[in-house]
Amino acid sequence: MSLPESPAQSARDRLLGAASVLFYNDGIAGTGIDAIVKKAGVAKKSLYNNFESKAELVATYLEIRHDEWLALYARRVQQASTPKEGVMAVFLAYEDHAEFAYERGFRGCGLLNAAAELPAGAPGRVAVRGHKEQVESILTTHLLTMMDGHEAKAQRMARHFSFLLEGAMSRAGLEGNGECVRQAKAMAAGMMEAFEG
């Protein structure tokens, strides 16, 4: 996912849009500054006027990816009227992410792909972990309501669902579509029905 391109965009937005597409398509290490500048249609100086380094551009890219997922979730959760539907909104947001019209097709979670390229302890990896923890927290919140405040059970099921989502996204990235995420969503629905029953 990336910012739409338009002539009215600032150089910063054009650089972020280009970096988002290229980082997702080719990876962070595989994307040089020259490629970003060329795709953005700006002078190289514009990059350094807007970002101290490629590392800062990467950090901003990770923030944008996180915000994009939160927006997908926010749209889905608006339609939820029960805690169970709130949990399903998380899975639907992942499905929306997998079915987005990427320039070269779906390659899995952009955040995890980026984290895999960064060294242990790098700020980007910490940011990605924070995103994943926030998703798990969202799941826990919905499940706590569904489970009448049984915190340990809600946290355990949220952890299961988080692992289910990440596995589904990895596999979906290999297969290039959201079918695995839909299957994970059905598994999660079955687990919640078993709890309610």
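Not measured: the values here are computed from a predicted model.

1. Focus on the overall build of the chain
Link 1 in the chain: Along the backbone of the chain there are nine helices and zero strands.
Link 2 in the chain: Counting from the amino terminus, helix and strand elements in the chain follow one another as α-α-α-α-α-α-α-α-α.
Link 3 in the chain: A globule of 197 residues ought to have a C-alpha radius of gyration of about 16 Å, and the chain, at 18 Å, matches this closely.
Link 4 in the chain: In terms of its C-alpha atoms, the chain occupies a principal-axis envelope of roughly 60 × 30 × 30 Å.
Link 5 in the chain: Each of the 197 residues in the chain was classed as buried or not, and the buried ones make up 46%.
Link 6 in the chain: The long-range share in the chain, meaning contacts at least 24 apart out of those at least 6 apart in sequence, stands at 63%.
Link 7 in the chain: Total accessible area on the chain is roughly 9900 Å²; 54% of this is exposed by carbon and sulfur atoms.
Link 8 in the chain: Here the chain carries 22 positive and 24 negative side-chain charges, and the mean point of each set is 4 Å from the other.

2. Thoughts on the UniProt feature "domain: HTH tetR-type" (unreviewed entry) in the chain
Link 1 in the chain: Feature annotation in UniProt places "domain: HTH tetR-type" (unreviewed entry) on residues 9–69, given in this structure's numbering.
Link 2 in the chain: In the segment residues 9–69, helix accounts for 77% and strand for 0%; the C-alpha atoms at its two ends are 22 Å apart.

3. Focus on helix 8 (residues 151–175)
Link 1 in the chain: In a regular helix each residue adds 1.5 Å, so 25 residues correspond to 36 Å; helix 8 covers 35 Å between its end C-alpha atoms and thus fits that length.
Link 2 in the chain: Every buried residue of helix 8 is listed here: Ala154, Met157, Ala158, Phe161, Ser162, Leu165, Glu166, Ala168, Met169, Ala172 and Gly173.
Link 3 in the chain: Residues of helix 8 that are buried make contact with helix 5 (83–99), helix 6 (110–117), helix 7 (123–146) and helix 9 (179–196).
Link 4 in the chain: Following helix 8 by one or two positions, Gly176 adopts a phi angle in the positive range, close to 80°.

4. Comments concerning the packing of aromatic side chains
Link 1 in the chain: Applying the stated criterion across every chain yields a total of seven aromatic pairs.
Link 2 in the chain: Seen from their ring centres, Trp69 and Tyr73 are 5.6 Å apart, and the 5° between their planes marks the pair as stacked. A residue pair is termed a helical-turn pair when its members lie 3 or 4 positions apart in one helix, as Trp69 and Tyr73 do in helix 4 (residues 54–77) at four residues. Tyr73 carries the same exposure label as Trp69, and that label is buried.
Link 3 in the chain: Note on Phe91 and Phe161: the rings are 5.8 Å apart at their centroids and 80° apart in plane angle, and the pair reads as edge-to-face. One end of the pair, Phe91, is in helix 5; the other, Phe161, is in helix 8, with 70 residues separating them in the sequence.
Link 4 in the chain: We classify Phe91 as buried; its relative accessible area is 0%.

Cut-off values and rules
- Residues numbered from 1 in each chain as written.
- Predicted model: local features only at pLDDT ≥ 70, side-chain atom pairs only at ≥ 80, totals over all residues.
- Heavy atoms only, no water.
- Helix = DSSP H or I, 4+ residues; strand = E, 2+ residues; numbered from the N terminus.
- Rg over C-alpha atoms; globule rule 2.2 N^0.38 Å.
- Buried < 20%, exposed > 50% of the residue type's maximum accessible area, 1.4 Å probe, protein only.
- Contact = heavy atoms within 4.5 Å.
- Areas by Shrake-Rupley, 256 points an atom, 1.4 Å probe, with all protein chains shown as cover.
- Lys, Arg positive; Asp, Glu negative; His and termini not counted.
- Charge placed at Lys NZ, Arg CZ, Asp CG, Glu CD.
- UniProt positions renumbered as here; feature names shortened; annotations may be inferred.
- Expected span 1.5 Å × (residues − 1).
- Phe/Tyr/Trp six-rings, centres within 6.5 Å; stacked < 30°, edge-to-face > 60°.

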